[in-house]
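Observations on the model geometry
Next come the chains, spelled out residue by residue.
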Amino acid sequence: MKNLFRSIQSLQIKLVVIYVLLIIVGMQIIGVYFTNVLERDLTGNFKTNIETQIDLIETRIEELNEEYVDDRTGFQNEVQKLFYDYGNRSDIDEIRFVNPDSVLIATSKLSNESSVNSIIKGPKTKESLDTGLSNDEIFVSVEDDSKRMWIVNSPVIVEDRVIGAIYVASNIESVYQQLEKINNTFIIATILSLFITSILGIFVARTITKPIINMRNQALLMSEGNYTSRVQIYSDDEIGQLAESFNILSKRVQEAQANTESEKNRLDSVITHMSDGIIASDRRGRIRLINDMALGLLNLKAEELQGKDMLEILNLQNDITTEDIVEGNEISHLLVINNKDDDTMIRVNFSTIVKDTGFINGYIAVLHDVTEQERIDAERREFVANVSHELRTPLTSMKSYIEALQDGAWQDDEIAPKFLKVTHEETERMSRLVEDLLQLSRLDGEVEEINKEIVNFNMFLDRIIERFEMTHKEEVQLVKNFPDTAIFTEIAVDKMGQVLDNVISNAIKYQQREPKRVEFYLQQNSYYNRLTLRIKDYGLGIPNSKVDRIFERFYRIDKARTRKMGGTGLGLAISKEIVEAHDGKIWANSIEGEGTTIFINLPSEVINEDDWDV
Ligand code: ADP
């Protein structure tokens with residue numbers, strides 16, 4: 001039913017229906033006009049013919065009336081004869097003549113002869129006799145198959161006296177039958193032409209509708225995202241031009257679509273590979289897009305998030321609302337995400353997506369990992385505080401000693417040299433600290449160039465140990481445990497010497513029990529081309545939780561005591577920087593109360609000892 005309705009609605013059927021309707025209307029107008037004119041002409045001709053005959057009969061009756069003026073029977077017979085002649089004609093049914101008293105004188109119809117000489121009823125005949133004027137009417141015979149008759153009553157006037165009336169019943173039905181035949185032919189011709197034009201119309205309409213149907217199908221395909229197919233162009237008329245324009249349009253749309261697609265892909269890949277996290281939401285704040293970086297930063301999975309509230313996911317729902325973002329308040333926030341290993345700090349910046357119309361389309365949150373930056377900032381603050389603190393302590397003590405000297409202690413021979421000695425020591429400490437700081441800053445800024453050279457590490461270590469043996473002869477026992485083969489490595493001799501100085505002096509410094517003992521173990525891993533030096537002492541040791549922290553700047557386990565020992569807390573930090581600049585590693589192992597081992601791992605070179613000519 002629906003299909004039928006749709007096919008009726010179709011352009012092709014509409015065109016055919018229009019053709020048919022036009023033909024019907026055209027034929028109707030032609031038919032009505034044609035049959036009217038034909039009817040008028042045919043009936044006119046028929047009537048003129050009958051009237052001519054009536055005129056002839058009238059003239060003849062007038063003549064007979066004159067001829068048989070005294071012989072009425074003769075007159076009657078002659079008229080009767082005359083009527084027989086006319087009565088034989090196919091178009092005349094009956095001719096009568098009545099005298100002024102409505103007595104029938106003669107009739108052409110045999111069946112009515114019995115009525116001759118009797119008065120006959122005929123109001124129209126009577127009217128004609130009375131008025132002396134002709135009249136006519138169409139009479140529809142009830143008995144004779146609804147046959148139409150044209151009845152004419154015409155008076156016969158002789159010298160202004162009505163001598164009778166002629167009554168003629170003519171068979172006008174034949175005219176109407178003729179008309180009906182013509183009409184039928186006309187209707188058949190109309191039906192035939194309708195049928196032919198309908199078939200022709202279907203074909204003609206098809207030539208118009210086919211390209212249109214093609215374009216409709218193409219438009220449907222385009223709506224489904226298929227822009228590749230093209231409409232066939234059949235002609236160069238308006239429809240052909242439309243099809244061509246349509247093809248151009250679909251090509252343009254295809255190009256535009258491809259452009260949009262590639263722009264979208266580019267944007268997608270930019271968003272996906274951005275080093276910042278991106279979350280985009282709709283205008284209600286529900287998440288519509290989130291990139292991998294944001295998922296990683298927030299420790300979440302994409303499936304958990306679709307359609308969830310952006311502020312809720314960021315845990316900011318109690319702090320800000322979307323209105324705040326629109327108004328430009330609260331657009332930057334610091335989030336702390338608690339992870340298993342470490343806390344991540346994320347700076348979130350919000351912005352609003354506004355359409356040209358001013359309508360708010362959504363919100364964007366850009367997540368930036370600031371953990372490292374925050375750590376550096378905190379370290380910097382701590383470093384500044386540490387430096388200030390380290391400098392303030394000797395300065396305060398120096399200040400108080402100098403004040404005491406100023407107040408008169410300089411005159412005291414016993415106290416003055418003591419005070420001056422302390423002041424000198426503090427100055428030394430400060431310059432050591434400043435020296436260490438400068439070195440650290442040089443290492444940090446990579447300003448200092450490290451001039452490396454290949455050395456026999458065994459020999460290099462020997463020399464350093466010898467130096468310590470000389471300076472700490474009585475105090476400490478230094479035990480070497482080296483392999484027989486020499487290990488070569490490329491190092492900056494002065495810098496690495498500084499590292500070893502620091503580590504060995506720490507090993508001696510933080511060892512209270514006598515006899516002090518420091519052991520050196522040197523090993524090479526030829527497979528990896530690395531060497532490992534272990535420096536082991538039997539001193540105070542370091543609590544387990546603090547072992548790794550001794551390489552931090554200014555970190556000291558027992559602040560008061562190490563300061564007394566003259567340490568700045570920067571020695572191992574500098575050592576670590578130097579070792580790492582050599583592509584090496586330094587770490588510690590310690591048992592509190594039993595002793596500490598410092599490990600230094602460096603790259604080693606494979607060189608044949610014979611080539612070594614130092
Ligand atoms: P300092 O100049 O204070 O010695 P370092 O950076 O060399 O600074 O050492 C940092 C801290 O590590 C020291 O203050 C000390 O507490 C600890 N430490 C270093 N080496 C040893 C060791 N061999 N035994 C025990 N503690 C040590």
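Residues numbered from 1 in each chain as written. Predicted model: local features only at pLDDT ≥ 70, side-chain atom pairs only at ≥ 80, totals over all residues. Heavy atoms only, no water.

**Quick look at the UniProt feature "domain: PAS" (unreviewed entry) in the chain**
Look at the UniProt record and you will see "domain: PAS" (unreviewed entry) annotated at residues 263–315. Between the end C-alpha atoms of residues 263–315 the distance is 33 Å, and the span holds 42% helix and 19% strand. (UniProt positions renumbered as here; feature names shortened; annotations may be inferred. Helix = DSSP H or I, 4+ residues; strand = E, 2+ residues; numbered from the N terminus.)

**Observations regarding the pattern of salt bridges**
For the structure shown, the criterion picks out 24 salt bridges. Of the charged contacts, one joins K264 and D268 as a salt bridge, the two residues approaching to 3.5 Å between their closest N and O atoms. Here K264 pairs with D268, and both are found in helix 6 (residues 238–273), just four residues apart, close to one helical turn. Residue R549 is joined to E552 by a salt bridge in which the shortest nitrogen-to-oxygen separation is 3.0 Å. Take E552: its relative accessible area is 34%, and that puts it in the partly exposed class. Linked by salt bridges that have partners in common, D282, R286 and R288 make up one network. (Salt bridge = Lys/Arg side-chain N within 4 Å of Asp/Glu carboxyl O. Buried < 20%, exposed > 50% of the residue type's maximum accessible area, 1.4 Å probe, protein only.)

**Quick look at the site of the ligand**
Taken together, 20 residues are adjacent to the ligand, and N506, Y510, D537, R556 and L572 come closest. One of the side-chain N or O atoms of Y510 is found 2.8 Å from an oxygen atom in the ligand. A distance of 3.4 Å separates a nitrogen atom of the ligand from a polar atom in the side chain of T596. Against a free-state accessible area of 530 Å², the protein chains account for coverage of 97% of the ligand. The element contributing the most residues to the shell around the ligand is helix 13 (residues 493–509), with four residues. Looking at side-chain class alone, the shell around the ligand contains eight nonpolar, nine polar and three charged residues. (Near = heavy atom within 4 Å. Polar contact = N/O pair within 3.5 Å; in protein donor to acceptor, adjacent residues only side chain to side chain. Areas by Shrake-Rupley, 256 points an atom, 1.4 Å probe, with all protein chains shown as cover. Nonpolar A, V, L, I, M, F, W, Y, C, P; charged D, E, K, R; others polar.)

**Comments concerning helix 12 (residues 457–471)**
Its 15 residues give helix 12 an end-to-end C-alpha distance of 21 Å, which sits within 8% of 21 Å, the value for a rise of 1.5 Å per residue. Listed in full, the buried residues belonging to helix 12 are F457, N458, F460, L461, I464, I465 and F468. Axial view of helix 12: buried residues confined to an arc of 165°, hence all on one face. Structural note: helix 12 exposes R463 and M470 on the side pointing more than 90 degrees away from its buried face. Structurally, the start of helix 12 carries an N-cap: the backbone nitrogen of N458 is 3.1 Å from a side-chain oxygen of N456. (Expected span 1.5 Å × (residues − 1). Arc of directions from axis to C-beta.)

**As for the packing of aromatic side chains**
This structure, assessed with the given rule, holds seven aromatic pairs. With 5.5 Å between their ring centres and 50° between their planes, F383 and F554 make a pair best called tilted. Here F554 lies in the loop between strand 15 (530–537) and helix 14 (559–564) and F383 lies in helix 10 (residues 371–406), a separation of 171 residues in the sequence. F383 sits in the partly exposed class, given a relative accessible area of 26%. Ring centres 5.6 Å apart and planes at 40° place the aromatic pair F457 and F460 in the tilted group. (Phe/Tyr/Trp six-rings, centres within 6.5 Å; stacked < 30°, edge-to-face > 60°.)

**Side note on the sheet that holds strand 9 (residues 343–354)**
To summarise the sheet geometry, strands pair through backbone hydrogen bonds and adopt either a parallel or an antiparallel arrangement. Taking strand neighbours across the sheet as the criterion, the five strands line up as 7-6-10-9-8 in an open arrangement whose pairing is antiparallel. Among the strands making up the open sheet, the edge pair consists of strand 7 (287–290) and strand 8 (332–338). Sheet twist, expressed as the mean angle between neighbouring strand axes with direction ignored, is 25°. Strands in contact with helix 10 are strand 8, strand 9 and strand 10 (360–369); relative to strand 9, the strand with the most contacts, it is inclined by about 125°. (Pairing = 2+ DSSP bridges. Axes fitted to C-alpha atoms, helices over the stretch in contact; angles between N-to-C directions. Contact = heavy atoms within 4.5 Å.)

**Notes on unusual backbone geometry**
The linkage connecting E514 with the following residue, P515, adopts the cis geometry, with an omega of -5°. With respect to the helices and strands, the residue P515 is situated in the loop between helix 13 and strand 14 (516–525). The backbone of S102 shows a phi angle near 65°, a positive value even though the residue is not glycine.

**Considerations on the UniProt feature "domain: HAMP" (unreviewed entry) in the chain**
Taking the UniProt record as the reference, the feature "domain: HAMP" (unreviewed entry) is found at residues 206–258. The annotated region residues 206–258 carries 74% helix and 0% strand content, and the separation between its end C-alpha atoms amounts to 35 Å.

**Quick look at the sheet that holds strand 16 (residues 585–591)**
Taken together, five strands build an open sheet; the order of strands is 12-14-15-17-16 and the sheet is mixed. For this open sheet the edge positions go to strand 12 (476–481) and strand 16, each flanked by a neighbour on one side alone. Taken over all neighbouring pairs, the strand axes of this sheet differ in orientation by 15° on average, direction set aside. Pairing of strand 15 with strand 17 (residues 595–603), which is carried by seven bridges, proceeds in the antiparallel orientation. Counted as the bridge partner of T532 is N601 from strand 17. In the packing of helix 15 (residues 571–581) onto the sheet, contacts are made with strand 16 and strand 17, and the angle to strand 16 comes to roughly 135°.

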